Every structure is written in C-alpha cells, then in structure tokens.
Amino acid sequence: MAAVPVAYLTRRECFSACHRLHSEQLSTEQNLEIYSKCNNPNGHGHNYVVEVTVKGPIDPIIGMVINISDLKIVMNKAIMETLDHKNIDKDVPFFATTKRVSTTENIAMFVWDELKRHLSNPSILYEVKIWETEKNIVVYRGEAM
C-alpha cells in the first residue's frame, strides 16, 4: 500500500484593527512600564497580516488538502468578519468579556480557536502566523506546555 502524500497549504489575509495593550491585573505604572506607548488609553492600530496553514493528505480525486475556496470562506468567517476594522478590546466578545490582553500572541490563539470552530475537519489546522508589524511576528500551533 502506497503512502498518501501530505502537503502544507497556506492562505494569507490582511486586516486592520486597533487595540490597547493593558492588563487590569497590573497597576497604571506597571502597564506603562511593560507596554509603553502601546498602553495609550485611546489605543493604536495595525495592518495585520495573517497566514493560515493547513496540513493533510492530498486527496487523490480532487488533488487538494482542502478546497482553497472553502478555506477562504472559513478565514472570512473566523478572521475578517470578526477582526477587520474592529476595536479588538471592545468589539470582539472574547477580548471584551475575558479582559484578556490583546497581544498578538492572544490574537493568534483566538484566531486558531475560531478556525477550529469553522473548519469541517479541524485536525488539518497546522499553524496561524500573524505579522503585527514587519518586525513582530507570532506563530501559534495550538501547543500548550
């Protein structure tokens, strides 16, 4: 029996959003020390780039891991409708209700969970990579320690 080839498929989207790095568990002074200008009470914005990578066997009939059109629909629901042109801290219920700090690490974890909810086969999700800036990139693969 021949092994089934496995491929990694990545799709990229861009979204714009604002946020404020602020932890209610820290004092005003601690927030300023840790988050500096990103603790601005009025927030600040980014043009985020997000790459979603899925991994799986190449279907011998359709020749794909997942239909790219289906991945586009899932990413639109999980990322674009949820985050694009939003105040992450106020408009995204996960951050508004949990008061979780809207760091790129936590945004990547949120995107991962949203993608898992929308994918028909969540086990193919391999990686979420988010560029907050050209210099700051977070990779999340659903791992925990």
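Everything discussed here concerns the structure shown above.
All values reported here derive from a predicted model rather than from experimental measurement. (Residues numbered from 1 in each chain as written. Predicted model: local features only at pLDDT ≥ 70, side-chain atom pairs only at ≥ 80, totals over all residues. Heavy atoms only, no water.)

**Student:** I would appreciate a short explanation of the pairing of strand β1 (residues 6-19) in the present structure.
**Tutor:** Remember that side chains alternate between the two faces of the sheet whenever the strand is regular. In the sheet, β1 pairs with strand β2 (residues 44-57) via 14 bridges, with the strands oriented antiparallel. Bridging across to β2, T10 finds its partner in T53. (Pairing = 2+ DSSP bridges. Helix = DSSP H or I, 4+ residues; strand = E, 2+ residues; numbered from the N terminus.)

**Student:** Can you help me understand the packing of helix α2 (residues 68-83) against helix α5 (residues 104-118) in this one?
**Tutor:** Geometry of a packed helix pair, given as the angle between the helix axes and the separation of the axes. One can describe the packing of α2 onto α5 by two numbers: an axis separation of 8 Å at closest approach and a directional angle of 135 degrees. It follows from the interaxial angle that α2 and α5 lie oblique. In this structure, the crossing between α2 and α5 has a hand that is right-handed. The segment α2 lies against α5, with V74, M75, K77, A78, I79, T82 and L83 engaging I107, F110, V111, E114, L115 and H118. Broken down by class, the residue content of the contact of α2 with α5 amounts to nine nonpolar, two polar and two charged. (Axes fitted to C-alpha atoms, helices over the stretch in contact; angles between N-to-C directions. Parallel < 35°, antiparallel > 145°, perpendicular 65-115°, else oblique. Left-handed = near helix turned anticlockwise from the far one by under 90°. Contact = heavy atoms within 4.5 Å. Nonpolar A, V, L, I, M, F, W, Y, C, P; charged D, E, K, R; others polar.)

**Student:** What is the right way to read the layout of surface pockets from this model?
**Tutor:** Where empty space is left in the structure can be found by rolling a water-sized probe over the atoms. Estimated volume of the largest pocket: approximately 330 Å³. Lining the largest pocket are 16 residues, with R20, H22, N87, D89 and K90 sitting closest to its centre. Among the elements of the structure, β1 and α3 (88-91) are those that each provide at least two residues to the lining of the largest pocket. Partitioned by chemical class, the residues of the lining of the largest pocket number four nonpolar, six polar and six charged. (1 Å grid on protein atoms, 1.4 Å probe; cavity = no way out; pocket = protein on both sides within 12 Å on 5 of 7 lines; lining within 4 Å. Points joined across faces, edges and corners; volume = space filled by probe spheres on them.)

**Student:** For this particular structure, what's the right way to read the side chain of S23?
**Tutor:** Within the fold, S23 resides in the loop between β1 and α1 (28-35). Judged by relative accessible area, S23 falls into the buried class, the value being 10%. Not counting residues up to four positions away in its chain, the partners in contact with S23 are N31, Y35 and V101. (Buried < 20%, exposed > 50% of the residue type's maximum accessible area, 1.4 Å probe, protein only.)

**Student:** Would you explain the packing of aromatic side chains in this entry?
**Tutor:** Geometrically, a pair of aromatic rings is defined through the distance of the ring centres and the angle of the planes. According to the stated counting rule, one finds six aromatic pairs in the structure shown. Ring geometry for F15 and Y48: centres 4.8 Å apart, planes at 15 degrees, overall stacked. With F15 in strand β1 and Y48 in strand β2, this pair connects stretches of sequence that are 33 residues apart. Linked through ring pairs, F94, F95 and F110 together constitute an aromatic cluster. (Phe/Tyr/Trp six-rings, centres within 6.5 Å; stacked < 30°, edge-to-face > 60°.)

**Student:** Teacher, can you tell me more about α2 here?
**Tutor:** Helical geometry note: an α-helix holds 3.6 residues per turn, so side chains three or four residues apart project in the same direction. The end-to-end C-alpha distance of α2, which contains 16 residues, comes to 21 Å, matching closely the 22 Å that a straight helix rising 1.5 Å per residue would cover. Residue N76 marks the point of greatest curvature in α2, where the axis turns by about 40 degrees. Against β1, β2, β3 (86-87), α3 and α5 lie the buried residues of α2. Structurally, the start of α2 carries an N-cap: the backbone nitrogen of S69 is 2.8 Å from a side-chain oxygen of N67. (Expected span 1.5 Å × (residues − 1). Bend = angle between axes of the 7 residues up to and from the residue. Polar contact = N/O pair within 3.5 Å; in protein donor to acceptor, adjacent residues only side chain to side chain.)

**Student:** Would you mind going over the pattern of salt bridges with me for this structure?
**Tutor:** Two side chains that carry opposite charge are able to pair once their charged atoms sit near each other. Taken as a whole and judged by the stated rule, the model has four salt bridges. In this structure, E51 engages R12 in a salt bridge whose closest nitrogen and oxygen atoms are separated by 3.9 Å. With E51 in strand β2 and R12 in strand β1, this pair connects stretches of sequence that are 39 residues apart. The residue E114 makes a salt bridge to R117 at a minimum N-O spacing of 3.2 Å. Pair noted here: E114 and R117 are both in helix α5, with a separation of three residues, about one helical turn. Judged by relative accessible area, E114 falls into the buried class, the value being 13%. Among the residues examined, R117 registers a relative accessible area of 59% and is labelled exposed. (Salt bridge = Lys/Arg side-chain N within 4 Å of Asp/Glu carboxyl O.)

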